[in-house]
Amino acid sequence: GINLDVSAGEVLAVVGATGSGKTTLGRLLDKSYEGYRGSIIVDGHELSEIRTNDLRRHVSAVRQDIQLFSAKMSFNVDLNNPNIAHRDRLEATSMVRAHEVIERVGWDHVLRERGADLSVGEAQLVTFARAMAHAPAVVIMDEATSSIDSMTEARIQEAIEAIMATKTAIVVAHRLSTIQKADRIVVMDRGQIVEQGTHAELMALNGRYTALVEAGRNQEHAVSITVD
């Protein structure tokens, strides 16, 4: 039940309480969920008519549920894509601040199941590198910074900001610092868009967004707005 346009190069933050529909929106856009009513147009093409493999060459998602394979680190970044050269892997890992993880374990290191031999933050950085190595036009990010040490959290934030600076980005945002740097913020409630604008514009409304920000400031982590 929403109507939303996202321009090329725009950074759109999507916020809202748990269950508001923001994660569902992101999963529709990369065809993780199907069966929607209405129309979703990607670069002039109806989403339902785009083959999933074709779509995911241009739209990458980095989610809270980290997906790593019991395989070499190199595979976890390039997924054996023959079009990704080693220099592409290096550029991607450097861009998202994952190079220290790679230098520590090595490209030939075989990860344990679900990346159990990495910290949560390190595993998230590897998934960021995977997304960037495939050079997508659009990146969907569902932030995950819980149970992460402050140093790794800072690196993840730097990685998110680097991606936001170069891609069309749709960010299911939990952190005020990320939200403030977005070109536009959409506030969702029960599957509907109830407010949208910049951080300053929404704060001036003193409405739903302001309430989310104030609630986040009262939590143990001052920059957290909502946790799914």
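Look up: the structure comes first, before these words.
So, here's what we can say about the structure.

Reading guide: rules and limits
- Residues numbered from 1 in each chain as written.
- Predicted model: local features only at pLDDT ≥ 70, side-chain atom pairs only at ≥ 80, totals over all residues.
- Heavy atoms only, no water.
- Buried < 20%, exposed > 50% of the residue type's maximum accessible area, 1.4 Å probe, protein only.
- Helix = DSSP H or I, 4+ residues; strand = E, 2+ residues; numbered from the N terminus.
- Pairing = 2+ DSSP bridges.
- 1 Å grid on protein atoms, 1.4 Å probe; cavity = no way out; pocket = protein on both sides within 12 Å on 5 of 7 lines; lining within 4 Å.
- Points joined across faces, edges and corners; volume = space filled by probe spheres on them.
- Nonpolar A, V, L, I, M, F, W, Y, C, P; charged D, E, K, R; others polar.
- Axes fitted to C-alpha atoms, helices over the stretch in contact; angles between N-to-C directions.
- Contact = heavy atoms within 4.5 Å.

**Things to note about the pairing of strand β5 (residues 138-142)**
The element β5 is largely enclosed, with a buried count of five among its five residues. In β5, alternate side chains face the same way, and those of V138, I140 and D142 on one face and V139 and M141 on the other are all buried. By the bridge criterion, four bridges tie strand β4 (residues 59-62) to β5 in an arrangement that is parallel. Following the sheet pairing, V59 is matched in β5 by V138. As judged from the five bridges shared by β5 and strand β6 (residues 168-172), these two strands associate in the parallel manner. If you follow V139 over to β6, its bridge partner there is A169.

**Here's the deal with the layout of surface pockets**
By volume, the largest pocket is sized at about 1,200 Å³. Along its surface, the largest pocket is lined by 38 residues, and L4, L29, I40, I41 and V42 are the ones closest to its centre. Broken down by class, the residue content of the lining of the largest pocket amounts to 21 nonpolar, 12 polar and five charged. Its boundaries defined by the atoms lining it, the second largest pocket holds a volume of some 830 Å³. Lining the second largest pocket are 27 residues, with R56, S60, A61, L79 and R130 sitting closest to its centre. Listed by contribution, the elements that provide at least two residues to the lining of the second largest pocket are β4 and α6 (120-133). Partitioned by chemical class, the residues of the lining of the second largest pocket number 10 nonpolar, nine polar and eight charged.

**What about the sheet that holds strand β8 (residues 192-197)?**
One open sheet holds the six strands; their spatial order is β4-β5-β6-β1-β7-β8, and the pairing between them is mixed. Edge positions in the open sheet fall to β4 and β8, since each of these has one partner strand only. Averaged over all pairs of adjacent strands, the angle between their axes in this sheet comes to 20 degrees, without regard to strand direction. Contacting β4 and β5, α6 crosses the sheet at an angle of about 180 degrees to β4.

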